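The residues making up each chain are set out below.
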Amino acid sequence: MSVREIIKYPEKVLREKTLRVTDCDSKLNKLIDDMIETMYAAPGVGLAANQVGVSKQVAVIDVSARDEKSPLIVLVNPEIVHLEGEVEAEEGCLSVPDYTTVLKRAMKVCVKGLDRNGKPVEIEAEGLLARALQHEIDHLNGILFVDRMGRIKKEFFKKRYAREKMLRG
Ligand code: NI
């Protein structure tokens with residue numbers, strides 16, 4: 001296993017819809033192991049494959065730091081099949097360092113996909129796990145959490161980002 005580099009905003013690969021996985025082979029499993037290690041090293045509660053530069057529908061999530069009962073989740077080709085309710089909470093992303101914002105998301109979610117061996121799985125979640133699932137599936141569709149902010153917040157974010165980038169040189 002190895003820690004991979006996390007691609008940061010505004011890299012283009014983060015904006016592209018990822019490709020469906022057709023084979024849960026050893027190469028895919030190596031990618032998944034690296035993603036898990038990269039997520040824990042960051043540390044973060046979730047990671048999508050395009051955040052390490054691989055355009056594949058793979059995500060890993062582990063919210064156990066804040067919700068003990070929640071296991072490590074590996075999802076291949078995940079799809080949201082049901083959304084329910086609405087809740088606001090603070091959200092951030094490993095690809096957008098040093099920035100968080102309060103965002104409205106569905107409160108409950110049902111997701112279908114495959115596990116790392118290609119076996120179908122279905123996950124029903126609420127709370128932080130529901131938010132992480134929506135966030136990572138957004139990633140796989142080329143959507144970042146900052147895209148879901150209101151227009152004015154988005155303008156502020158872009159200005160602040162441009163300024164920090166200038167200061168960093
Ligand atoms: Ni993210």
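Summarised in this report is the structure supplied together with it. (Residues numbered from 1 in each chain as written. Predicted model: local features only at pLDDT ≥ 70, side-chain atom pairs only at ≥ 80, totals over all residues. Heavy atoms only, no water.)

Quick notes on the coordination of the nickel ion
Note on the nickel ion: its protein donors are Cys93 (SG), His135 (NE2) and His139 (NE2). The metal-donor distances range over 2.1 to 2.3 Å. The sequence pattern describing where the donors of the nickel ion fall on their chain is C-x41-H-x3-H. In this pair, His135 and His139 are both assigned in helix H2 (residues 127-140), four residues apart and thus about one turn of the helix distant. (Donors = N, O, S within 2.8 Å, 3.2 Å for Na, K, Ca; no water. Helix = DSSP H or I, 4+ residues; strand = E, 2+ residues; numbered from the N terminus.)

Observations regarding H2
The end-to-end C-alpha separation of H2 is 21 Å, in line with the 20 Å expected for 14 residues at 1.5 Å each. Burial analysis of H2 places 12 of its 14 residues in the buried class, the great majority of the element. Three or more residues of H2 are buried, namely Leu129, Ala130, Arg131, Ala132, Leu133, Gln134, His135, Glu136, Ile137, Asp138, His139 and Leu140. In the stretch just after H2, Gly142 is the one whose phi turns positive, near 80°. (Expected span 1.5 Å × (residues − 1). Buried < 20%, exposed > 50% of the residue type's maximum accessible area, 1.4 Å probe, protein only.)

What to know about the side chain of Thr101
Of note, Thr101 is situated in strand E5 (residues 96-105). At 2.8 Å, the side chain of Thr101 and the side chain of Lys153 are in polar contact. Sequence-distant contacts of Thr101, that is, excluding residues within four places in its chain, are made with Ala89, Glu90, Glu91, Phe145, Met149 and Lys153. (Polar contact = N/O pair within 3.5 Å; in protein donor to acceptor, adjacent residues only side chain to side chain. Contact = heavy atoms within 4.5 Å.)

Notes on the pairing of E5
Relative to E5, strand E4 (residues 87-93) runs antiparallel, the two being bridged by seven bridges. Along E5, the bridge assignment pairs Val87 with Arg105. Where E4 hands over to E5, the hairpin turn is made up of two residues, counted between the paired strands. (Pairing = 2+ DSSP bridges.)

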